[in-house]
Amino acid sequence: REWPQIMGFGIVTGKQFKDKVEELDQFYKPFAGTGKDYVYCKGSDSKYRGYPCSLWTLFHSLTVSAARDFVEPPYGVVNPVANAIRVYVENFFSCRDCANHFIIAANSIPYPNTDNDAVFWLWTLHNRANGRLAKDISEDPEYPKIQWPSTDNCPDCVNESIDIFSGTVTKMWNVPMLINYIKEIYSETNIEQNDLTPGALTSSQCIDLLPVGSQGECRAIFVSRNP
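Each chain carries its own residue numbering, running from 1 in the direction its sequence is written. This being a predicted model, a pLDDT of at least 70 is required before a residue's local features are given, and a value of 80 or more before pairs of side-chain atoms are given or counted; all residues contribute to the totals for chains, interfaces and linings. In computing side-chain properties, one takes all heavy atoms of the structure into account and sets aside hydrogens as well as water.

Asker: Requested: an account of the environment of Ile109, with residues and values cited.
Answerer: Here Ile109 lies in the loop between helix 5 (96-107) and helix 6 (115-133). Between the C-alpha atom of Ile109 and that of Leu125, which follows or precedes it by 16 residues, the distance is 8.9 Å. When checking whether two residues touch, look at their non-hydrogen atoms; a contact exists if any pair is within 4.5 Å. Leaving out residues up to four positions away in the same chain, Ile109 has contacts with Trp121, Thr124, Leu125 and Arg128. The helix and strand labels rest on DSSP assignments: H or I over at least four residues marks a helix, E over at least two residues marks a strand, and numbering proceeds from the N terminus.

This is the structure we're talking about:
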């Protein structure tokens, strides 16, 4: 956080940010012990899923983590997690077409206030993206894009009503149950912690990444047990 101030930057361009990340990556080598293949986000082919899937997973994990200890914020305050996600996508996501679609969708729905609102806000944006990209050339045929969760995943997340005259079945999301389900899926208990080989990184490098473990090793984390 101090780097832009130390350098006297009023703003940070995408190139400056990229150059700084690459510089820190070469110096600290934070992922030296992390496998190169995706686990949860591994597609049926290298061109599928991968980074976009992992970014969505990270974003969901951030909103759920923030909502773990729910505190009602002052009315009208912009949710900081949702705002950070939006600003990152708008300014740093390299797929500019994806970023533009995200911002357009974000502008079309109410901006979240509470942390629970942010959980629901991101879920809404993700399902809209799934709806837009279903059957797209970028869709992994083995992992079709659906309106998640399905009724198989969470039967209580959907309410059904039947019109007694026409017999038409209307499905509506049960928002409180849905938010609880999202919190369960992206909770800390569903984060798989993979110990790096002890000694792969120095203690000072671990401190810059994540809290040092009880034995002095640091851990690489990523969600890998979500449906």
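Now that the structure has been shown, the text picks up again.
Asker: Please set out the packing of aromatic side chains residue by residue, giving values where relevant.
Answerer: By convention, a stacked pair of Phe, Tyr or Trp rings (six-membered ring in the case of Trp) has centres within 6.5 Å and planes under 30 degrees apart, an edge-to-face pair has planes over 60 apart, and any other such pair is tilted. Under the defined criterion, the tally for this structure stands at twelve aromatic pairs. Both rings, one in Tyr51 and one in Phe93, keep their centres 6.0 Å apart while their planes meet at 40°; by these two values the pair is tilted. Of the two residues, Tyr51 sits in helix 3 (residues 51-66) while Phe93 sits in the loop between helix 4 (80-92) and helix 5, which places them 42 residues apart along the sequence. Relative accessibility thresholds used throughout: buried, under 20% of the residue-type maximum; exposed, over 50%; partly exposed, between the two (1.4 Å probe, protein chains only). A relative accessible area of 36% places Tyr51 in the partly exposed class. Ring geometry for Tyr88 and Phe92: centres 6.0 Å apart, planes at 40°, overall tilted. A residue pair is termed a helical-turn pair when its members lie 3 or 4 positions apart in one helix, as Tyr88 and Phe92 do in helix 4 at four residues. With relative accessibility at 25%, the residue Tyr88 sits in the partly exposed group. Members of the aromatic cluster, connected to one another through ring pairs, are Phe17, Phe59, Tyr88 and Phe92.

Asker: Just give me the short version of unusual backbone geometry, but keep the residues and values in it.
Answerer: Cis peptide bonds are those with omega within 30 degrees of zero, and the linkage from Trp148 to Pro149 qualifies with 0°. Even without being a glycine, Arg49 presents a positive backbone phi close to 60°. Checked against the element boundaries, Arg49 lands in the loop between helix 2 (14-28) and helix 3. According to the relative accessible area criterion, Arg49 is partly exposed, its value standing at 23%. With a phi close to 70°, Lys135 is a non-glycine residue in the positive phi region. Turning to its location among the elements, Lys135 is positioned in the loop between helix 6 and strand 1 (158-162).

Asker: Summarise the layout of surface pockets; cite the residues concerned and give the values.
Answerer: One simple way to see leftover space: roll a probe sized like a water molecule over the atoms. Estimates place the volume of the second largest pocket at around 1,200 Å³. Lining the second largest pocket are 40 residues, and of these Cys53, Trp56, His126, Asn130 and Lys145 sit closest to its centre. Secondary structure elements with two or more residues in the lining of the second largest pocket: helix 3, helix 5 and helix 6. Here the lining of the second largest pocket gets nine residues from one element, more than from any other, and that element is helix 6. A cavity, in this analysis, means grid points on a 1 Å lattice covering only the protein atoms where a 1.4 Å probe fits yet has no way out; a pocket is instead an open set bounded by protein on both sides within 12 Å along at least five of seven lines, and a residue lines either one if it has an atom within 4 Å of a point. Grid points are joined across faces, edges and corners, and a volume is the space filled by probe spheres set on the points.

Asker: Describe the confidence of the model for the protein chain, naming the residues involved and giving the relevant values.
Answerer: For every residue, the predictor assigns a confidence score, pLDDT, that lies between 0 and 100. Per-residue confidence for the protein chain gives a mean pLDDT of 80, with 82% of residues at or over 70. No element of the protein chain has a lower mean pLDDT than helix 8 (residues 203-209), which averages 37, and none a higher one than helix 7 (residues 175-185), which averages 95. Across residues 196-227, confidence stays below pLDDT 50; counting only partners more than four residues off in sequence or on other chains, it has 61 contacts.

Asker: Talk me through the state of the cysteines; I want residue IDs and the actual numbers.
Answerer: Sulfur atoms of two cysteines make up a disulfide when they are within 2.5 Å. Inspection of the entire model under this criterion finds three disulfides. Shown here is the disulfide that connects Cys95 with Cys98, its sulfur atoms set 2.1 Å apart. Taking the sign of the torsion about the S-S bond as the criterion, the disulfide between Cys95 and Cys98, at about 65°, is right-handed. Judged by relative accessible area, Cys95 falls into the partly exposed class, the value being 28%.

Asker: Before we move on, can you summarise the packing of helix 3 against helix 6 with the specific residues and values?
Answerer: Axis lines are fitted to C-alpha atoms, over the contacting stretch for helices. Their N-to-C directions set the angle, which ranges from 0 to 180 degrees. Axis separation between helix 3 and helix 6 bottoms out at 8 Å; the angle between their running directions is 160°. As the angle between them shows, helix 3 and helix 6 are arranged roughly antiparallel. Like other packed secondary-structure pairs, helix 3 and helix 6 cross with a definite hand, here left-handed. Along the contact surface, helix 3 presents Trp56, Phe59, His60, Thr63, Val64 and Ala66, while helix 6 presents Asp115, Ala118, Val119, Leu122, Trp123, Leu125, His126 and Ala129. Orientation is classified from the angle alone, with under 35 degrees giving roughly parallel, over 145 giving roughly antiparallel, 65 to 115 giving roughly perpendicular, and any other angle giving oblique. By the definition used in this description, the sense in which the near helix is turned from the far one sets the handedness, with an anticlockwise turn below a right angle giving left-handed and a clockwise turn giving right-handed.

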